[in-house]
Amino acid sequence: MANQFALLRLLISSPDDVADERAIIEEVIEEYNKTWGRSTGILLDPIDWEKDVVPGFGSDPQNVVNEQVADRYDIYVGILWTRFGTPTPRAGSGTEEEFNRAYARFQQDPTALRIMFYFSDRSIVPSQQDGEQLTRINQFRTKIAGQGGLYSTYDSLDDFRNQVRGHLARQVQTWGSVWGEPQGPARDRPSPVPDEPTPGAASQEDEPGYLDLVEKTAAAMDEANQAVTRIGESIATLGQDMQTRT
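Since we're looking at a predicted model, the values are computed, not measured.

1. With respect to the pairing of strand β2 (residues 42-48)
Right, on to step 1. Among the seven residues of β2, five are classified as buried, and the element is accordingly described as predominantly covered.
Right, on to step 2. Across seven bridges, the pairing between strand β1 (residues 4-13) and β2 is parallel. Each bridged residue has a counterpart across the sheet, and for Ile-12 the counterpart in β2 is Asp-48.

Put into structure tokens, the structure is as follows:
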């Protein structure tokens, strides 16, 4: 029977000016799943509105996103750089609205999810500078700090990659003990998913575990002992026959 893995869903929340950062998060997740997913028993699944949300209708575009994403995620990752985003009927931008929903869940149950927010300090080309957008970003940064949030900043894509790699690893290590009770309802908690073998590698069902190897080794040793015993008996019988003939 295939092993069962816990699936932690990760919502990537950001405007469209940080496409490189979103791609980096997906690369880090893929790297983790291939390297540590099998040994930890936990897989990460990124949710990106640009890839995972299909066209639809609602009271407004962000409402369509909310309906499809809902609150079915375990880690919220927000990213801002030069753009704050387009206002919605409920918040200053789609990113802010998604953050507000995640923060409301956190207030109700601090163990339900983890929130990580990143602000880019990368240099900005003059043509990309928008004073109003930058002001709103700084105001939002102050808002997060006022709500007790500890955000992170990065000055390069490599710096961002290294931070996300370490931060996600720490969240995985503490899941099930500090946060994210595995026994919770399926709607709010990660659900087990079957193990999918890595392409080109044997499936988990074909890979013997430690106990399987111990049992196989014991069985082989038992067969070897029986064979030695039979050989000894045969030699003894042969010796008696030779004496009789002599």
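That shown, we press on.
2. Digging into the layout of surface pockets
It is the rolling of a water-molecule-sized probe over the atoms that shows where space remains empty.
Right, on to step 1. Approximately 430 Å³ is the volume found for the largest pocket.
Right, on to step 2. Taken together, 21 residues make up the lining of the largest pocket; nearest its centre are Trp-49, Gln-62, Thr-86, Gly-94 and Thr-95.
Right, on to step 3. Residues belonging to the lining of the largest pocket are distributed by class as follows: eight nonpolar, nine polar and four charged.

3. Digging into the pattern of salt bridges
Right, on to step 1. Scanning all chains against the criterion turns up eleven salt bridges.
Right, on to step 2. Put simply, Lys-34 and Glu-30 hold a salt bridge, and the shortest N to O gap is 3.2 Å. Separated by four residues within a single helix, Lys-34 and Glu-30 lie in helix α1 (residues 19-35), roughly one turn from each other.
Right, on to step 3. Note on Lys-34: relative accessible area 59%, which makes it exposed.
Right, on to step 4. With a relative accessible area of 44%, Glu-30 lands in the partly exposed category.
Right, on to step 5. A salt bridge links Arg-165 to Glu-31, with the nearest nitrogen and oxygen atoms 2.8 Å apart. A residue pair is termed long-range when its members are at least 10 positions apart, and Arg-165 in helix α7 (residues 157-174) and Glu-31 in helix α1 qualify at 134 residues.
Right, on to step 6. The structure contains a network of salt bridges with shared partners spanning Glu-27, Asp-158 and Arg-161.

4. Some thoughts on α1
Right, on to step 1. The terminal C-alpha atoms of α1, which comprises 17 residues, lie 24 Å apart, in line with the 24 Å expected from a rise of 1.5 Å per residue.
Right, on to step 2. When we look at burial in α1, the residues that qualify are Glu-21, Arg-22, Ile-24, Ile-25, Val-28, Ile-29 and Tyr-32. Burial along α1 is one-sided: seen end-on, the buried residues are contained in an arc of 155°.

What counts and how
Counting of residues starts from 1 at the beginning of each chain's written sequence and follows it residue by residue. Only residues with pLDDT of at least 70 get local features here, since the model is predicted, and only at 80 or more are side-chain atom pairs given and counted; chain-wide, interface and lining totals rely on the full set of residues. Only heavy atoms go into the side-chain values, all of them from the structure, while hydrogens and water stay out. Exposure categories follow from relative accessible area, calculated using a 1.4 Å probe and restricted to protein chains: below 20% of the type maximum is buried, above 50% is exposed, and the middle band is partly exposed. Here a strand is any run of E in DSSP of at least two residues, a helix any run of H or I of at least four, and the numbering for each starts at the N terminus. Two strands form a pair only when DSSP identifies at least two bridges running between them. Using a grid of 1 Å spacing that covers the protein atoms alone, one calls a set of points a cavity when a 1.4 Å probe fits there but cannot get out, and a pocket when the set is open and has protein on both sides within 12 Å along at least five of seven lines; lining residues are those with an atom within 4 Å of a point. Grid points are joined across faces, edges and corners, and a volume is the space filled by probe spheres set on the points. Residues are grouped as follows: nonpolar covers Ala, Val, Leu, Ile, Met, Phe, Trp, Tyr, Cys and Pro; charged covers Asp, Glu, Lys and Arg; every other residue, Gly included, is treated as polar. Only one rule defines a salt bridge in this text: a Lys or Arg side-chain nitrogen within 4 Å of an Asp or Glu carboxyl oxygen. Here the expected span of a helix is defined as 1.5 Å times the quantity of residues minus one. Within this analysis, the arc is defined by the directions that extend from the helix axis to the C-beta atoms.

Everything listed here is a matter of coordinates, which is why it stays silent on function.
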